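So you can see what is in the structure, the chains are spelled out below.
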Amino acid sequence: QVQLVESGGGLVQAGGSLRLSCAASGSIRSINAMGWYRQAPGKQRELVAGIAIGGTTNYADSVKGRFTISRDNAKNTVYLQMNSLKPEDTAVYYCNALLRTTTGLALLNYWGQGTQVTVSS
């Protein structure tokens, strides 16, 4: 069993900042990559930012220069620092991890339960 637990969402005014955290726990052998996705009402889930085990990062164009993803490999935790937030950033943010469990060698995809981020204008 693997769990991804997110925290840090909330309500913030435009221009403000939030920091999301996601801790992975359970029967984890290794984590290849972690990332954050978001889904706004009536829209498809989209990638916000990702980080590989070696530290390589990628970002959606809409958040480049405003959001920063980081990772603590020892704690199996990924963070998303969100600055200069805009109303269009309002969405449910989901943590994602691509990992191997202790019970096999296959790469498996896991999701957190989601955390709401609301940016008021």
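Keep in mind that this is a model prediction, so the values were computed, not measured.

**Q** Any chance you could explain the state of the cysteines here in plain terms?
**A** Two cysteines form a disulfide when their sulfur atoms are joined by a covalent bond. Enumeration according to the criterion identifies one disulfide in this entry. Between the sulfur of Cys22 and that of Cys95 lies a disulfide, 2.0 Å long from S to S. Taking the sign of the torsion about the S-S bond as the criterion, the disulfide between Cys22 and Cys95, at about -80 degrees, is left-handed. One end of the pair, Cys22, is in strand β3 (residues 18-26); the other, Cys95, is in strand β9 (residues 91-101), and 73 residues separate them in sequence. The residues Cys22 and Cys95 share a single accessibility class, namely buried.

**Q** Explain the environment of Trp36 here, please?
**A** For Trp36, the location among the structural elements is in strand β4 (residues 28-39). Along the chain, Trp36 and Leu98 lie 62 residues apart, while their C-alpha atoms are 12 Å from each other.

**Q** Explain the sheet that holds strand β1 (residues 2-7) to me, please; I cannot follow it from the model alone.
**A** Hydrogen bonds between backbone groups are what pair the strands of a sheet, and the pairing can be parallel or antiparallel. Spatially, four strands are ordered β1-β3-β8-β7 in an open sheet, and the strand pairing comes out antiparallel. Each edge of the sheet is formed by a strand with only one pairing partner; in this case those strands are β1 and β7 (67-72). The sheet shows a mean angle of 15 degrees between the axes of neighbouring strands, direction not considered. For β7 and strand β8 (residues 77-82), the ladder comprises six bridges, and the chain directions are antiparallel. Following the sheet pairing, Asp72 is matched in β8 by Thr77.

**Q** I'm lost on the environment of Tyr94 in this one. Help?
**A** One can find Tyr94 in strand β9. The exposure class assigned to Tyr94 is buried, which follows from its relative accessible area of 15%. Linking Tyr94 and Ile53, residues 41 residues apart in sequence, is a C-alpha distance of 19 Å. Excluding residues that lie within four positions of it along the chain, Tyr94 makes contacts with Glu6, Gly35, Trp36, Tyr37, Gln39, Arg45, Trp111, Gly112, Gln113 and Gly114.

**Q** Whenever I open this one, the packing of aromatic side chains confuses me. Can you help?
**A** A ring pair, where both rings are aromatic, is described by two values, the distance of the centres and the angle of the planes. Considering all chains together, one arrives at one aromatic pair under this definition. Taking the centre distance of 4.9 Å and the plane angle of 65 degrees together, the rings of Tyr37 and Trp111 count as edge-to-face. Here Trp111 lies in strand β10 (residues 108-111) and Tyr37 lies in strand β4, a separation of 74 residues in the sequence. A cation sits over an aromatic face here: Arg19 above Tyr79, 4.1 Å from the ring centre. When the ring centre of Tyr94 is taken as reference, the NZ or CZ atom of Arg45 above it lies at 3.7 Å.

**Q** What is the right way to look at the side chain of Asp89 in this model?
**A** Of note, Asp89 is situated in the loop between β8 and β9. Residue classification places Asp89 among the buried positions, given a relative accessible area of 1%. Side-chain polar atoms of Asp89 contact the side chain of Arg66, separated by 2.8 Å. Contacts of Asp89, omitting those with residues within four sequence positions, involve Arg38, Arg66, Phe67, Ser84, Val117 and Val119.

Rules used in this analysis
- Residues numbered from 1 in each chain as written.
- Predicted model: local features only at pLDDT ≥ 70, side-chain atom pairs only at ≥ 80, totals over all residues.
- Heavy atoms only, no water.
- Disulfide = S-S within 2.5 Å.
- Helix = DSSP H or I, 4+ residues; strand = E, 2+ residues; numbered from the N terminus.
- Buried < 20%, exposed > 50% of the residue type's maximum accessible area, 1.4 Å probe, protein only.
- Pairing = 2+ DSSP bridges.
- Axes fitted to C-alpha atoms, helices over the stretch in contact; angles between N-to-C directions.
- Contact = heavy atoms within 4.5 Å.
- Phe/Tyr/Trp six-rings, centres within 6.5 Å; stacked < 30°, edge-to-face > 60°.
- Lys NZ or Arg CZ within 6 Å of the ring centre and 35° of its normal.
- Polar contact = N/O pair within 3.5 Å; in protein donor to acceptor, adjacent residues only side chain to side chain.

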